[in-house]
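# Results of the structural survey
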Amino acid sequence: MKKIITKTVLIALVSLSIIACDSVDFGDINDNPNAPSTAPSAGLLTNSMVAIGRPWTPSGLVMSTAAMLYSQYLANGQYPDESRYVDFNWNYYTYYAGPLRDLQEVINVKTGSEALDATNTIAVATLTRAYILHTMTDRWGYIPYSETLQGQENKTPKFDSQEDVYKGLFNEIDTALGMIDLTAPSPKGDILLNGNMARWIQFGNTLKAVMALRLSKRDVDLGGLAKTKFNEAIENVITTSNENIKYTYLSDDNNDHPLQDRFVDEGRKDWIMSDVIVNYMIGNGSNTAPQDPRLAKYADPVVGTNTFIGAEYGSGNDLVDNFSFITKNIIENGTAPAMIFTAAQMHFSMAEAVELGWMAGSAQDHFKMAIQESMNQWGVDAGAATAFINGYTYNGMQSIAEQKWVALFMQGYESWAEWRRIGGPATIQPPAIMLNGTGVPQRQAYPSTTPSINKVNYDAAVAAQGPDDLDTKLWWAK
Amino acid sequence: MDTKNEIFGVLNYSQDFNDFSFSASTGVQIEDRNFEIVLDQTVGGMTTPGFYSIGTSKDRPNNFNLKVNTENKAWFATGTVGYKEMFFLEGSYRMDYSSTARKDLNSVITKALSGSFIFSKLIPQNDILSFGKLRAGYAEAPFFPIPYQLSQTYTPRNPYGSSGTSTVPDTGVNPELEGGQRKELEYGIELKFIKNRLGLDFTYFDRKDEKIPSFVTIPGSTGITGYWSNEGKQSFKGFEIALSGTPIKTDDFSWDISINFATLKRTVDFIAEDVDVNILSSWGPQLQERVGEEWGAIYGNAFKRDDKGNKVLGDDGLYEYERNKYLGSILPDFTGGASTSFTYKNFDLAFGFDFQYGGKFYGVSRRYGNYAGLGSETVGNNRLGNPVRNAVSGSGTHAAYSVNLTNADATSGGQLTSGVDASGNPQEFLVNPFVLWRNNLRNIHEEYVNDATYIKLRTIRFGYKLPTKFLEKTAFSDINIGVFANNVWLIKSDLKGVDPSELEGRRAGNEINGIKNYEWIENGQLPNARTIGINARFTF
């Protein structure tokens, strides 16, 4: 019996050693050893910028095959579903929980910080954020904006009207531009413009001008806001093609061009040049000598020939090798850049602004400069460029719409947005078979979980904007 | 690398006093778990043909390290009192601590109390009731969070050139996260009749999950896609019945049979503040839980129907559909099993069955099979007697792929679709099966939500027991040699060729609410193998 008592006491003592009411001290065992606990501002900024160029859908912003199909630059090979709008719901959560959250963290870290690069870092993060959100509102229309990125504090962010998103973004851009200090150190981790703050002034103004012009049909409703914003920005936008703002892909396989991955690494031939753009650029030339000299830069002739042949948009084109592909300089070149903003685009914008009566000058001169900058961008030789420009009869807005569409080749989302606003060649027509919608898409539908997990706000957005499908026209397109 | 160190100490005590028996124990348990993974991956291929090494990666290789360390401590005490081997009362008290819960509140106390009463001891010996026992019990079990959910960290990602990249994880942190409990109340009765020839065991349970760390999905526009929460509450109720009997028993022959049923009703009482719907799993359709409803609902695209339930066809003869509709619950009405065995002299033959009634699952084999034109439903003759794959012909706006049956040529191919038009008038079309399956039905999840009801003969075994005389000089007391087969016969299932009891579509990493892996998708898996073999059992 005595033995038992001794043992009992011993066990009881061991037990007591770990009893401490509600908790036991485990030290720092639950501190995650796999990731740092302090926010690395530079790494977060870089990551949010890499997201702009990252493959693949739905994240791809500057390199999206879906958007290039909407614009009918491309056609599908054997599998035509993508060109028939198979994708309905597009997940934007990857932007909020990804780059936008990372940028918010950068802004939080630098707000109130005495670091010398604080204001410039906040400005760069804000401009990057504005660029991403602008691309988003042009895809979905109403988007969560004013109540976002608060984690568990607000589990059901409301959808803001596109008008409010645009106005909010104008404010953000203006604030950011006001913060830029050319004498202060630039942010670390800026892989987009390498810390060149003068370039960020161009970036902010170019973005602002693009956004302002997008509201051309709403300028009167907005009391001239679009015109005002456009004119505030236009003096400082990019104007020559060597100023083009681009996303640079690197040679290593983690960071190289997404199309190079598809065509070379994976050997896929799922995208070919569409008949819409090839025939438009052949124009009154021939399929061996197209009217537009850029076609030979955009695309390669059919293998073994010198003819350019586009594949029927919306069809299954099984014999892909009978058609022209995007130039090898892109699909077989891992370091081909992707354009974010181009000088050509901005000259078209200025031509349109003159046509709209927003600014003084000659619309036709800007139109010609736009094509010239586009030719420069693609490395067309001067003589051929001049011949094309001089041979082109300028016909006001229709010419701007058509030639801007040509010049925005590969800039899928921007091109699709402009087509929805000002149109393009009449040959852009919906395919015979559509898996969703009743025409070329006007928007993308919200993530499929949204009606369940954010129902009240989703219903309000649908009630205000129109059905959550591909056909509902956005506010600025009406 | 996965290592676990455990210290377990227990002290037992037992003593009888007259008609009473006592036993008690107390102990401690300390557990330290370390898990480590190093994953390296070449990028852009390798540079040295035939030589496999991370060192030959063309571009900078990807490197991934994961270390997980958790520690648990617990102490406990249990006690049992028995009276005349007729009444038993057992109680326990246990306190668990985990390193994964918030530092100032990392314990969970769990208690249990159960009693049983063998009332047949009070009844005089008889030929009818040979054994009777009542039992009731209450038990709690602790559940702790997964590690590293309390404080913010920043995940390093692949570098861009020489610039490092980091991201804020998609899962939000919750500094308040602690452990929770499953509480279960259970009542049961166990009866045996006619010299144990017939037995009945009935159990009713009422279970509540409280504060168990569960993942809550919230809109990504919050900046996170979800977080672990203690707020959830769920209730489980059900009963289990087991019947067993020996209908025939002679010196040479006996027949034993047993069968059991179980039901489960699982209700979602609370998810989290401001959260009424939680996405548990998503793959085309979604598996959801909604407050106040039965857990485990499938939501997705459903046929558009009129007030009378007729499918609505568009003017091109294709089925119209609506999104985000309730398509059924994955929970069955009941599940069960049965086994029976026959013994004749030294031979024995046993069968094992299992079954489920009700519950749904989403299956893609048929979806993709018909999409690709490999399914048998995409061939055959249509009502006009023409092969469905022949060209559709007739008049109408969509005659390229679809004609109204009344406008179809006598030679038209195409597959029949039937339903009503927008105003409710019945109509039938012949539609090109390629367009029907590939462009239309593919999008309608309801078409591929199947009833999970099945009956299956899972096992058969035929055995022979060696006569004892052969064993006299050996060390064995019994040797039985047999032939067996597993996965023998799917007697009934809704979807031909798919076995609802073997779904494995979403198994990987898809533990839902930290508790059980519910299968709800058939993802084109291979039919599971039937095994036939021989075995021998040696008993010493």
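Calculation rules
Residues numbered from 1 in each chain as written. Chains lettered and ligands numbered in written order. Predicted model: local features only at pLDDT ≥ 70, side-chain atom pairs only at ≥ 80, totals over all residues. Heavy atoms only, no water. Helix = DSSP H or I, 4+ residues; strand = E, 2+ residues; numbered from the N terminus. Contact = heavy atoms within 4.5 Å. Areas by Shrake-Rupley, 256 points an atom, 1.4 Å probe, with all protein chains shown as cover. Lys, Arg positive; Asp, Glu negative; His and termini not counted. Charge placed at Lys NZ, Arg CZ, Asp CG, Glu CD. Core = buried A, V, L, I, M, F, W, Y, C linked by side-chain atoms within 4.5 Å. Buried < 20%, exposed > 50% of the residue type's maximum accessible area, 1.4 Å probe, protein only. Axes fitted to C-alpha atoms, helices over the stretch in contact; angles between N-to-C directions. Parallel < 35°, antiparallel > 145°, perpendicular 65-115°, else oblique. Left-handed = near helix turned anticlockwise from the far one by under 90°. Nonpolar A, V, L, I, M, F, W, Y, C, P; charged D, E, K, R; others polar. Pairing = 2+ DSSP bridges. Buried area = accessible area lost by both parts, 1.4 Å probe. Salt bridge = Lys/Arg side-chain N within 4 Å of Asp/Glu carboxyl O. Polar contact = N/O pair within 3.5 Å; in protein donor to acceptor, adjacent residues only side chain to side chain. Phe/Tyr/Trp six-rings, centres within 6.5 Å; stacked < 30°, edge-to-face > 60°. Lys NZ or Arg CZ within 6 Å of the ring centre and 35° of its normal. pLDDT = per-residue confidence, 0-100. Patch = residues over 30% accessible without salt bridge, like charges linked within 9 Å, V, L, I, M, F, W, Y side chains within 5 Å.

A tally of regular secondary structure across chain A gives 19 helices and 6 strands. When contacts within chain A are restricted to residue pairs at least 6 apart in sequence, long-range pairs at least 24 apart make up 74% of them. Carbon and sulfur atoms provide 51% of the accessible area of chain A, an area that totals close to 17500 Å². Distance between charge centres in chain A, computed from 35 positive and 52 negative side chains, equals 4 Å.

All right, on to the nonpolar core then. Y92, Y131, M136, W200, F203, Y247 and I340 of chain A are the most contacted members of the largest nonpolar core, which has 148 residues in total. Sorting elements by how many residues they give to this core places helix 5 (residues 118-140) of chain A first, with 11 residues. Within the second largest apolar cluster, 35 residues are counted, among which are I271, Y401, L441 and Y518 of chain B.

With that settled, the discussion passes to the packing of helix 5 of chain A against helix 7 (residues 197-214) of chain A. Residue and element names in this part refer to chain A. Running from N to C, helix 5 and helix 7 point in directions that differ by 25°, and their axes come no closer than 11 Å. By the angle class used here, helix 5 and helix 7 are roughly parallel. Handedness of the crossing formed by helix 5 with helix 7: left-handed. Of helix 7, the residues touching helix 5 (which contributes N120, V124, L127, T128, A130, Y131, H134 and D138) are M197, W200, F203, G204, L207, V210, M211 and R214. The residue makeup of the contact of helix 5 with helix 7, split by class, is 10 nonpolar, 4 polar and 2 charged.

The next point concerns the pairing of strand 2 (residues 20-46) of chain B. For a regular strand, side-chain orientation follows a simple rule: the groups alternate between the two sheet faces. All names here are of chain B. For strand 1 (residues 2-17) and strand 2, the ladder comprises 16 bridges, and the chain directions are antiparallel. In the sheet register, Q15 faces strand 2, and the bridge partner there is F22. Remark: 2 residues form the turn of the hairpin made by strand 1 and strand 2, two consecutive strands paired antiparallel; N18 in that turn has positive phi of roughly 50°. When strand 2 meets strand 3 (residues 57-83), the two strands line up antiparallel, connected through 24 bridges. Bridge assignment links S23 to a residue of strand 3, and that residue is T80.

Listed by partner, the interface residues are 81 residues for chain B and 76 residues for chain A. Of the roughly 6300 Å² buried where chain B meets chain A, counting both sides, 57% is carbon and sulfur surface. The tally of links from chain B across to chain A stands at 2 salt bridges. A salt bridge links D81 of chain A to R442 of chain B, with the nearest nitrogen and oxygen atoms 2.8 Å apart. Where chain B meets chain A, there are 28 residue pairs in polar contact (both at pLDDT 80 or more). Of all the elements, strand 3 of chain B adds the most residues to the side of chain B that touches chain A, at 13 residues.

Time to look at the packing of aromatic side chains. All names here are of chain B. Summed over all chains, the structure comprises 53 aromatic pairs over all chains. The interplanar angle of 15° and the centroid separation of 5.6 Å between the aromatic rings of W255 and F342 together place this pair among those described as stacked. With W255 in strand 15 (residues 253-262) and F342 in strand 21 (residues 334-344), the pair connects residues that are 87 residues apart, well separated along the chain. With a relative accessible area of 26%, W255 lands in the partly exposed category. Sitting above the plane of the F236 ring, R182 keeps its charged end 5.1 Å from the centroid. When the ring centre of Y299 is taken as reference, the NZ or CZ atom of R290 above it lies at 3.9 Å.

Before going further, it helps to spend a moment on the environment of I330 of chain A. Residue and element names in this part refer to chain A. By the element assignment, I330 lies in helix 12 (residues 328-331). Looking at I330, the relative accessible area reads 9%, which means it is buried. Placed 235 residues apart in sequence, I330 and Y95 show a C-alpha to C-alpha distance of 26 Å.

Here the focus is the environment of N480 of chain B. All names here are of chain B. Positionally, N480 belongs in strand 29 (residues 478-493). Each C-alpha atom of the pair N480 and A536 lies 5.5 Å from the other, and the pair is 56 residues apart in sequence. Each residue touching N480, except ones within four places of it in the same chain, is listed here: D348, R461, G463, Y464, K465, N535, A536 and R537. There is a polar contact of 3.1 Å between the side chain of N480 and the side chain of D348. Only 3.3 Å separates the side chain of N480 from the side chain of R461, close enough to count as a polar contact.

Before going further, it helps to examine the sheet that holds strand 20 (residues 321-329) of chain B. Residue and element names in this part refer to chain B. In space, the 4 strands of this open sheet follow the order 17-18-19-20, with antiparallel pairing throughout. One side of each edge strand has no neighbouring strand; the edge strands of this open sheet are strand 17 (277-282) and strand 20. The mean inter-strand angle of the sheet, taken between neighbouring strand axes irrespective of direction, is 40°. Of the pairings in the sheet, the one linking strand 19 (residues 297-303) to strand 20 comprises 6 bridges and is antiparallel in character. Each bridged residue has a counterpart across the sheet, and for F303 the counterpart in strand 20 is Y321.

This part covers the sheet that holds strand 27 (residues 449-451) of chain B. Residues and elements named next belong to chain B. Taken in spatial order, the 3 strands make up an open sheet running 27-23-30, and their pairing is mixed. The open sheet is flanked by strand 27 and strand 30 (521-522), the only strands paired with a single partner. Taken together, the 3 bridges between strand 23 (residues 360-363) and strand 27 define a ladder with antiparallel strand orientation. Paired with F361 across the two strands is N450, which belongs to strand 27.

On to unusual backbone geometry, then. The backbone of Y148 of chain B sits at a positive phi, close to 65°, despite the residue not being glycine. Here Y148 of chain B lies in the loop between strand 6 (129-143) and strand 7 (155-160).

Turning next to the packing of helix 2 (residues 41-53) of chain A against helix 5 of chain A. All names here are of chain A. In the contact formed by helix 2 and helix 5, the axes pass within 11 Å of each other and the chain directions differ by 25°. With respect to each other, helix 2 and helix 5 are oriented roughly parallel. Between helix 2 and helix 5 lies a crossing of left-handed hand. Across the interface between the two elements, S41, L45, S48, M49 and I52 from helix 2 touch T121, V124, A125, T128, Y131 and I132 from helix 5. Across the contact of helix 2 with helix 5, the residue classes break down as 7 nonpolar, 4 polar and no charged.

Next up on the list: the pattern of salt bridges. Working definition: two side chains of opposite charge can pair if their charged atoms are close together. Evaluation of the coordinates by the stated rule reveals 47 salt bridges over all chains. With its nearest N and O atoms 3.0 Å apart, the salt bridge here joins E428 of chain B to R383 of chain B. Within this pair, whereas E428 of chain B is found in strand 26 (residues 426-431), its partner R383 of chain B is found in the loop between helix 1 (365-371) and strand 24 (402-404), the two being separated by 45 residues in sequence. Among the ionic contacts, a cluster of salt bridges with common partners joins D138, R214, E352, K404, E414, E418 and R421 of chain A.

Time to look at the confidence of the model for chain B. Close inspection of predicted coordinates is inappropriate for parts of the model with low pLDDT. Per-residue pLDDT for chain B has a mean of 92; in total, 98% of the residues score no lower than 70. Segment residues 507-515 of chain B: pLDDT under 50, and 22 contacts once partners within four positions in sequence are set aside and those in other chains are kept.

Once that is clear, we can look at the pairing of strand 29 of chain B. For strand 28 (residues 454-465) of chain B and strand 29 of chain B, the ladder comprises 11 bridges, and the chain directions are antiparallel. Across the sheet, L457 of chain B pairs through a bridge with W489 of chain B, a residue of strand 29 of chain B.

So, on to a nonpolar patch on the surface. Residues and elements named next belong to chain B. A surface patch of nonpolar side chains, about 710 Å² in accessible area, is lined by Y344, F347, F462, Y464, V483, I532 and I534. Elements represented by at least two residues in the nonpolar patch include exactly strand 28 and strand 31 (531-539). Checked against the element boundaries, V483 lands in strand 29. A relative accessible area of 43% places V483 in the partly exposed class.

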